[in-house]
Amino acid sequence: MTEYCVEARGLTKYFEAFKAVDHVSLLVPTGSIYGVLGPNGAGKTTSLRMTLGIIDPDEGTSRLFGGFKPQNVRHRIGYLPEERGLYPGMKAREAIAFMGALRGLDWGEGRRRAGDFMAELGLDRVIDEKIRKMSKGMAQMVQLIGSIVHAPDLIVLDEPFSGLDPVNQERLETLVRRERERGATILFSTHVMAHAERLCDRIAIIARSARRFEGTVDAARALLPMQVRYTPRDAAGDVAAMLPPGAERRGADWHFAIEGDAVEPLLARITASGHGVAGLSISRPGLHDAFVHIVRQVDADFAADAAVDALEESAA
Amino acid sequence: MTPVFRNIFVVARRDFLAIVATPTFLLFLLAPLFMIGMGALGGFGASQLADSARGAGRIVAIADPADIEPLRAADARLRDALPGDKPPTLELRVADADVDPVAVAQEKGADTYAVMSGPLAAPRIVEREAGSRSGAYLSLLATDVLRDRAAGAVAPAAPRFESLKKGGTSIAAQQGLGFGAVFIIFLLTLLLAGQSVGMLAEEKGNKVIEILAAAVPLESVFLGKLLGLLGVAILFIAFWSAMAVGGGLVAMTQLDPGAMAAAGAASAKAQAASAALGVAPATGWPFFVLIVLAYFIMSFLLLGAIFLGVGAQAGTVREIQMLSLPITILQVAMFSLCSGAANAPGSSVATIAQIIPFSSPMAMAARAATDDAKAVHLLALGWQAIWVALVIYLSVRLFRSGVLSGRSNWKFWKRGAKAAVAAAAAAEVAAHR
């Protein structure tokens, strides 16, 4: 088994004058769940499309399963695009079998598996309904089943959770985990951090067309200092003196941030100060905070660059 | 089945069923009834006009002045005495050195079934069909005049029969066949291939195109769609061919109950049909029918691929409609060229029409009617297949680089310029920084 199921390097795409994707690389370990996160319009979908060979990159390459061009291993891929699409006149069972047949699955086997999947997801009552009669969420689940009915080795899901109610989101998470247990590699994009936090082994954050972070969820969270809420038992005297600069008092509580290696020295200072501890909470920030932090930093850098450009232009 | 063919088959199957398994297909299938009804009405009117203009059919006797009245009297006697259908009206002409009986038989404005000329004892009878009742009647007239004149036993006239079919006129008829093939291919292609212009609009509208593009090569999608529609066209043609054959058989049984017994004898029917038509294409009927079908398929694929490729670039129904017109004009232009080719086999016009890929199927079908060479058709089919592949390839390239990349603008010729401007701008920005 190869180390990386997906090896996309330096993917770049221009849409006329706009650089939609700027040298994005995605290395997805085989058998992992990998999240591509980013704000709207960051270039996630275009990156995934180039990774799968649906559109050609202007620069960069994409290889799957240890060196194959995506076009040569289509039958091993399952893909749920961002813009959902099904033939409205088709029945759910036929739509799923058709999508499987496109990837080389026998029609009869596709119909049989469609029945199994639909029953598992509690949708068996609508299996012979036409797509046009289904709700948007149901149709989305049908399309998702169609993406995995041929048991692909790589499943690529573009914003799979959008449009689903919480119950179906939970079902989808279960399905994703089960597919990983089957041996599939899952690559999905989202801008909902909770799903990524619960599911992903590794993530890439894309903002302003370029990849800004790559690593585990914990590594992303570690980009931000720990958040501390301290409530002294005895607030008399100068509590702020023993706390890091920037500590902020809100009622009886003090809020401040510390690096990971500053926890024990902080505890030692509190103990020695005699203020005591009525309450103490030290926590890592969530992926949501890390994501917002990264994206804001990128935005700030862009704003600074633009200001410099404007100054240089006016000077010239 | 190889993956490529399997992919094409999956797409074609879906499209075929999506079209056929709908109530609107029934309307589509029966649409020619309206055309036939209107055509029959028009044809009936035209037939009435033509009949009134030219009168009934005729037989002609070209005789010496002395034989004119005896022939007229013999005709008056025998016409009433003959059982069954009466012979066509007898037209009598005085013999002249310049009168050519074959030319008389081919005169426009009248259906001439037989022409008798020369001495009554050994007349020359030119027939429209060999062994016709009209030729025999003219021979009988000559014998009757001789018998009346001799007032006793006399040897019957010994006519020398000629059939127009053997008289070298079949080339014109074969050209007519060629033109018929051109017209049929043009009409069917116009009616059926044009539908492919909107085929990808469905996928673009319901966003299925991305699923297809991710799952199979776009070439398979395009070719699969074309073959799906071709399947519909073949079904359409088979339905109406079966209706025509069935209708013909029913008509035959109405005329002759014994014909039902012979209905199963296909080869006899083919011969009978050939005899009824009075002409056979140079390559023979079985080969001609098959090759015309093959050329229809190639013409359908060629024009369908253009329609599909252009339609794929369109973003709205209005654009699709607008883009259909130039292609239809192209079709009509090719039809005009091929009509000229059918009427002038072996000419440079015919050669040009046979080479131009979009007129080649029609022009080659016309050639099959007048030229017995068969191997050249394999070459032509191969040439046309190359162009089908080329058109699909180019259509896919345009589609990938334009629509699928999020550029809905169908003005593909502007994309290259815009990309160059973008690259230059990017380079300038990079240098500036």
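Residues numbered from 1 in each chain as written. Chains lettered and ligands numbered in written order. Predicted model: local features only at pLDDT ≥ 70, side-chain atom pairs only at ≥ 80, totals over all residues.

**A look at the overall build of chain B**
In step 1: A count of helices and strands for chain B gives 16 helices and five strands.
In step 2: The buried share of chain B, taken over its 433 residues, is 34%.
In step 3: Restricting the contact set of chain B to residue pairs at least 6 apart, pairs at least 24 apart contribute 75%. (Helix = DSSP H or I, 4+ residues; strand = E, 2+ residues; numbered from the N terminus. Buried ≥ 20, exposed ≤ 12 C-beta atoms within 10 Å, placed from the backbone. Contact = placed C-beta atoms within 7 Å.)

**So, the pairing of strand 4 (residues 124–127) of chain B**
Residue and element names in this part refer to chain B.
In step 1: Across four bridges, the pairing between strand 3 (residues 112–117) and strand 4 is antiparallel. Its bridge partner being in strand 4, Ala114 is matched across the sheet by Glu127.
In step 2: As consecutive antiparallel partners, strand 3 and strand 4 are separated by six residues, and within that stretch Gly118 has a phi angle of approximately 85°, a positive value.
In step 3: Judged from the four bridges that link them, strand 4 and strand 5 (residues 160–163) form a sheet pairing that is parallel. Within strand 5, the position partnered with Ile125 by the bridge is Phe161. (Pairing = 2+ DSSP bridges.)

**Structural notes on the domain arrangement of chain B**
In step 1: Assigned domains of chain B: these are domain 1 (3–32 + 170–401) and domain 2 (56–167).
In step 2: Computed from C-alpha atoms alone, the centre-to-centre distance between domain 1 of chain B and domain 2 of chain B is 47 Å. (Domains from an automatic or database assignment.)

**Let's talk about the interface of chain B and chain A**
In step 1: Counting residues at the interface gives 24 residues for chain B and 25 residues for chain A.
In step 2: Mapped by element, the contributors of at least two residues to the side of chain B that touches chain A are helix 1 (3–20), helix 8 (208–215) and helix 16 (413–432) of chain B.
In step 3: Per element, the largest residue contribution to the side of chain B that touches chain A is seven residues, and it comes from helix 8 of chain B.
In step 4: Here the side of chain B that touches chain A is built from residues that sort into 16 nonpolar, three polar and five charged. (Nonpolar A, V, L, I, M, F, W, Y, C, P; charged D, E, K, R; others polar.)

**A word on the sheet that holds strand 7 (residues 185–190) of chain A**
Residues and elements named next belong to chain A.
In step 1: Spatially, 5-6-7-3-8-9 is the arrangement adopted by the six strands of the open sheet, whose pairing is mixed. Lying at the two open borders of the sheet, with one neighbouring strand each, are strand 5 (77–80) and strand 9 (210–215). Mean inter-strand twist for the sheet, computed between neighbouring axes without regard to direction, equals 15°.
In step 2: Each of strand 5 and strand 6 (154–158) touches helix 4 (residues 136–148); the most contacted strand, strand 5, lies at about 165° to it. (Axes fitted to C-alpha atoms, helices over the stretch in contact; angles between N-to-C directions.)

**Section: the domain arrangement of chain A**
In step 1: With domains assigned, chain A is organised as domain 1 (4–220) and domain 2 (225–283).
In step 2: Spacing between the C-alpha centres of domain 1 of chain A and domain 2 of chain A amounts to 45 Å.

**Section: the sheet that holds strand 10 (residues 226–231) of chain A**
All names here are of chain A.
In step 1: Within the open sheet, the four strands sit side by side as 11-12-10-13. Their pairing is antiparallel. The sheet terminates laterally at strand 11 (248–250) and strand 13 (279–283), the two strands that pair on one side only. When the angles between neighbouring strand axes are averaged without regard to direction, this sheet yields 20°.
In step 2: Strand direction decides the pairing type here: strand 10 and strand 12 (residues 253–258), joined by five bridges, are antiparallel. Each bridged residue has a counterpart across the sheet, and for Tyr230 the counterpart in strand 12 is Trp254.

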